[in-house]
Each structure stands twice: as structure tokens, then as C-alpha cells.
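Residue-level listing of the chains:
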There are 2 protein chains.
Amino acid sequence: MRIPQFSDVEEAYSRIQPYIHFTPILSSQAINKIAGCKIFFKCENFQKVGAFKFRGACNAVFSLSEEEASGGVATHSSGNHAAALALAAKLRHLHAYIVMPRNAPDIKKKAVGSYGGVITFCEPTLQDREDTLEKIIKESGAIPIHPYNQKEIIAGQGTCALEFLQQQSNLDTIITPVGGGGLLSGTAITCKYLKPEIEVIGAEPSGADDAYRSFKSRERLPVGTTNTIADGLLTSLGDLNFEIITQKVNNIYTSPDSTIIKAMRLIWERMKIIIEPSAAVSLAIVLENKNFFRNKNVGIILSGGNVDLKKLPF
Amino acid sequence: MRIPQFSDVEEAYSRIQPYIHFTPILSSQAINKIAGCKIFFKCENFQKVGAFKFRGACNAVFSLSEEEASGGVATHSSGNHAAALALAAKLRHLHAYIVMPRNAPDIKKKAVGSYGGVITFCEPTLQDREDTLEKIIKESGAIPIHPYNQKEIIAGQGTCALEFLQQQSNLDTIITPVGGGGLLSGTAITCKYLKPEIEVIGAEPSGADDAYRSFKSRERLPVGTTNTIADGLLTSLGDLNFEIITQKVNNIYTSPDSTIIKAMRLIWERMKIIIEPSAAVSLAIVLENKNFFRNKNVGIILSGGNVDLKKLPF
């Protein structure tokens, strides 16, 4: 079966459980009052490497056979997937080859380096990223691990909703941000198996709304020019992710950056926790659609907390 | 008995339990590695009004008889105690009269206002603060609630360690910041009753080190000129607090601001939670005295998370 099933999520969970944090759920009466519903925040900003991405990377790395693993793993990414893959590989004592654009922020380079990733810099074009990755794979025999369009990654990300439903069984809705679609598709697989009546909703910035447009038109459209502060959500949907999302997700909403920043600030100030802009999009779509969410029990996966403290939007 | 006993802490806990948050404990492997010991952070930055101060204020307000309470409560404060007292009074449907210096930060004025506190502005001198408070008490019949030098406040702050020891029974040491001494003295009462072998340690900025000097000389000394980023710790020890601290606290350490800022940043970046500078002093003294804390199980009370996001020290 090409598309991961709930059994893959269960297997992923047994595989990665020794390595991941079981992240807590937090709530804020002040935010509930502002939003007009009861929100439960699953804090993947507290996950290892500061993002849910560690779940998928860990599952992908520990799914490899000894032989497959022998040459290490590789990816091109300047974001949380790179750090997640580097740490997961380190835990299995493998090399992780990370292709990063030369102009990636220092903070991201440092994070990957601190987990022992072997960085190769490339020009900041998709073509050069892919060419450089190809070359490294040929030279090292490393296995490429895609950030979202891969069965093991999707199953790994689906373990977050598995914990969430254990911790909080009364959810009417679960919202996750959507970029490439790894977290949203994994969440949908878990929820629609365990509790099909839960509405699974994607949250996307208006300035990078390919998932919204693809979902509405039932045709996978590329993201095109992007303009949003949510720098983790700039990618187009993968084909596997698109297939799962069209089958299992109830809806996708978008939000302008102004509301994303407002939501981010609300979470920082009222909950005293640090989230990155991409993680704030879910609360932003609640604030943009209060009537729809009114009085519901809303689960929000806070996807990550990696943000440059010197470049805050407020 | 003039000094609060552990039974007062127990009574306080039954009194305030319906109103307070039971705050979680978080840990960070990365910080443990840097510090060379195992640290358990009790997150009072997640407490209502964003600080442990709500525990004491709540106990003081709900300890009043109907008659005493009828005129409301009052204090002079520009910090977390003002917000805490305003919310506690609101929950008992009382007036809270808060005297604040005219030049207090807007963010503090807003916080007190948002909890329904009645603010009277005064000149930013201790004399005018006290005169204004005196006048308000005479006019309104309100009961003054001291920020730290009062039995009910100390007993209320002692409930934090009560929860902490329930959650984490293997602590060798508990560290709290010390300003007026409410939290440190309450913590010492609880710990020395429940588990006398725990070392109770105060953490103070070098730039406001009256508690350190008082502790060492066994004489209560005033704070004098202060120079520190830890704006919640500028006050001198109260006489009640001093008495308890000299009896029950094992030691007080100080830290320069440079290490306080480093510790604050470590907690923000590695744990993805927001704490104010005053809350970072405890980790700072661990970093300053690594040999003393090496391999111990160290409990740290993160005292609060109220910080102006526009004025970060990094």
C-alpha cells in the first residue's frame, strides 16, 4: 500500500517512543475567552529539536535496515527537518548529510552542526540544492529522507495526534499548520481511524496558500511566489500528502500575516511559551473564523518553537 | 505564633487550590549538560497573572473575614504583586486599590487594569507611595496586603514547594530567587518541615545583594543603590522574612547580570518558555557554582514570566 495506514502510525510510535518527548497539553483561559472556544495546545515546540519534525525523521531513520543505514542519511533543507534528521541519525550513530543554501540563517546552520550533521553548502536555488544532494548521495551511499513526501515521515508525524487523543479525548476539531503536508496528512490518518467524527483542519498563511487552492480545486497546484512570515510553510504539497489530504481532511482555512503575528504574540504573552510564526497559523485561523469554532473543543498542534530572538515581529 | 508554620502553608493550600494553577515541572537535557546537574524547573511563569505572587495574594485575600474584606484590599506595588492582588480580589468580588508610581511601565498598568484593580498614581518615591496608600486606606477602609512581609503571603508562597515536592520527591536542593524574601521564606518553611535534608538556597543578583549580605552578617541590612536587570528583586528583606531565612535557609548565592541574561536566554532558547529576568537568577547561580551543584537533583522555582517583549536583553 502506497499511502500509510493507521497501523504504520502505531508501528512508528513503538519505534520512536524511546527517543521522543511525550509533549504536554496547555490551555489558557484568557485565550479561550478571546477565541470563544476551548483550545487545547499540544506543545510540539517542546519536542526534541523544538519541532514535531523530529517524530518523522526519527521514524524514517530507525525504519532503515542495517544495510540501508550503513551509508547514512541525507536531505536538503534549511529548516527544522534538517536539525531533526541530524539528531535522529546521531541517535542511531549514522552520518547525516545536510545540504543547506549558503544564505541560510546562522542559527539554522548552528543547530544542524550542534547535532552532528555534516553540512554541504549550495547555491540558494532548488536546482543546485537537488544537484548537490544527488552528488552527495552518489558519493556516500546515503539514503535520502524527504521532509514530508514519504510514508515513514507521514506515519511519524501521525504519532503526535495519537498522543493528543490519548491526552484529550473530547476534541471536536484538530488543527495543524500545512506546508508540505506531512503533519496534516499524518494527523488525518490517525484521527480518521481513531475518531472519524473529529474535524481535521489545515491552517495555511494567505501568502503561501497552495494547499488551500489545491484542496478546493482537487488538483495539486504549486505554491508560486510566497509572501509570509511563516517561513516553515513555504513549500508545495507533496503528491502523497495531497492524496491523503483530499481523502481525509475536512477543510483548509487561510490567515493573513497580521493575524498570524497577533496569534503568535497572544501565545507568547498569555501562555509564556515560545512558538515560531508557522506554529501560530492554527490559532490565527480560529481568530479569523470565530463563528465556525464557537464553543467547540479545539485541538491545536503547536508545530515548533525555533525562532531567532533577535528578529521578532513585535 | 508570629512566624508562619507548615500548618499555615497546608491551610493556605486548601484555601487557594480552587483558584490557582497546578503548574508543571519541565526539564531540559541540553541545560542539564551545560549545568552539570539534573534540574527540575517548577513553572510558576505559567501561574495565573504569570507569577507565583498569585498564591500569596490569593491566600491573603481569602483569609480575610467578611467584615475585614468589606472595604476591599490595597497595596503599593508596580510589579507582579499588584496584578496578583487585583485578580485575587476580583475573584472574591472585592475592590483592590493599587498605588502605582506615575512612571510605572504601561504594560504593568494595563495588567492591573485588566484584572479590575483601581489604580491611584503617585510620585515615584517610597514616601509618596506610602502616604498615598495610607490615605486610600483611611478613605476606603481597605485592608493593606504587603507584598512579602506578612504571614498569609509567606504561607501562600510556601504552597509552591508543597506541590513541587509532591511532583518531584528526589530533590537534593531547591533554589528560589530572593527579593523581599516571601518566596524563599515560604519555600524554606515547607521544605524544612517535609524534608529537612533538602538544601534551601536563595539566588540574588549581585546588583541588589541585601539578602546575601544580611544572611552572612546575621543582621538585616537595607538594599541601598541597586543595579540589576532583575527588576522583581530590588526590595530589601522584610523582618519576618529575614527571621525565617536566617533560621531555615542553607545559603544565599549571588550572580552578576551577565550570567543572569545568559541563563534567561538558555531557558528561552532551549526550553521554549518565557521567563522574566528575576526568574533566571536561580539558574545563573548554578552556572556560577557548578562544582557545588554537580550531579545533584536541583529544583528551581521559575518565579514569573512577565516581560516586555519590546525590551529584551538579547
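Residues numbered from 1 in each chain as written. Chains lettered and ligands numbered in written order. Predicted model: local features only at pLDDT ≥ 70, side-chain atom pairs only at ≥ 80, totals over all residues.

## Side note on the overall build of chain A
So the rule is basically this: Starting at the N terminus, helices and strands are each numbered in turn, a helix being any DSSP run of H or I of at least four residues and a strand any DSSP run of E of at least two. Around each residue's C-beta, the other C-beta atoms within 10 Å are counted; 20 or more make the residue buried, 12 or fewer make it exposed, and counts in between make it partly exposed. All C-beta atoms are placed from the backbone. Throughout, a pair of residues is in contact if the C-beta atoms placed from their backbones lie within 7 Å.
From N to C terminus, chain A includes 14 helices and 10 strands. Overall, the C-alpha framework of chain A stretches about 55 × 40 × 40 Å when taken along its three principal axes. Residues classed as buried in chain A amount to 56% of the 314 residues present. Intrachain contacts of chain A at a sequence separation of at least 6 include 74% that bridge at least 24 residues.

## A word on the sheet that holds strand S6 (residues 143-144) of chain B
Backbone hydrogen bonds hold the strands of a sheet together, and the pairing may be parallel or antiparallel. All names here are of chain B. Rule in force here: For two strands to count as paired, DSSP must find a minimum of two bridges between them.
Strands sit in the order S5-S4-S3-S6 across an open sheet of four strands; the sheet is parallel. Of all strands in the sheet, those with a lone pairing partner are strand S5 (118-122) and S6, marking the two edges. Alignment of strand S4 (residues 96-101) against S5, held across five bridges, turns out to be parallel. Within the sheet, the bridge partner assigned to Met 100 lies in S5 and is Phe 121.

## What to know about the relation of the copies chain B and chain A
Where we set the bar: A residue counts toward the fit only if its pLDDT is at least 70 in both copies, and the copies are then superposed by least squares on the C-alpha atoms of those residues.
Superposing chain B onto chain A requires a rotation of 180° together with a translation of 0.0 Å along the rotation axis, leaving an RMSD of 0.0 Å. Interpreted geometrically, this transformation is the action of a two-fold axis. Minimal C-alpha distance to the rotation axis in chain B is attained by Ile273(B), lying at 2.1 Å. Here 100% of the interface residues in chain B have copies in chain A that are interface residues too; the copies meet face to matching face.

## Topic: the interface of chain B and chain A
Short version of the rule: Under the scheme applied here, ten amino acids are nonpolar (Ala, Val, Leu, Ile, Met, Phe, Trp, Tyr, Cys and Pro), four are charged (Asp, Glu, Lys and Arg), and all others, including Gly, are polar.
Residue-level contacts link 12 residues of chain B with 12 residues of chain A. A class-by-class count of the residues in the side of chain B that touches chain A yields eight nonpolar, three polar and one charged.

## So, the sheet that holds strand S10 (residues 297-302) of chain B
All names here are of chain B. Spatially, six strands are ordered S1-S2-S10-S7-S8-S9 in an open sheet, and the strand pairing comes out mixed. The two strands at the open ends of the sheet, each matched to only one other strand, are strand S1 (25-26) and strand S9 (251-255). Where strand S7 (residues 173-177) and S10 come together, three bridges link them in parallel fashion. Paired with Ile 174 across the strands is Gly 299, a residue of S10.

## Quick look at helix H3 (residues 53-63) of chain A
Residue pairs spaced three or four apart in an α-helix point in one direction, given the helix's 3.6 residues per turn. Residue and element names in this part refer to chain A. Along H3, 10 of the 11 residues are buried, which leaves the element largely enclosed by surrounding structure. Within the sequence span of H3, burial applies to Lys 53, Phe 54, Arg 55, Gly 56, Ala 57, Cys 58, Asn 59, Ala 60, Val 61 and Ser 63. In this fold, the buried residues of H3 make contact with helix H1 (6-16), strand S3 (73-76), helix H5 (80-91), helix H8 (151-167) and helix H9 (182-194).

## Focus on the pairing of S9(B)
All names here are of chain B. Among the five residues of S9, four are classified as buried, and the element is accordingly described as predominantly covered. As judged from the five bridges shared by strand S8 (residues 199-205) and S9, these two strands associate in the parallel manner. Bridge pairing in S9 links Ile 201 to Asn 251.

## Comments concerning the environment of Ala82(B)
Residues and elements named next belong to chain B. Locating Ala 82 in the fold gives a position in helix H5 (residues 80-91). Judged by the 28 C-beta atoms lying within 10 Å of it, Ala 82 falls in the buried class. On a C-alpha basis, the gap between Ala 82 and Ile 145 in space is 9.9 Å, while along the polypeptide they are 63 residues apart. Leaving out residues up to four positions away in the same chain, Ala 82 has contacts with Thr 75, Ser 77, Ile 98, Met 100, Val 112 and Gly 117.

Keep in mind these values describe shape, not function.
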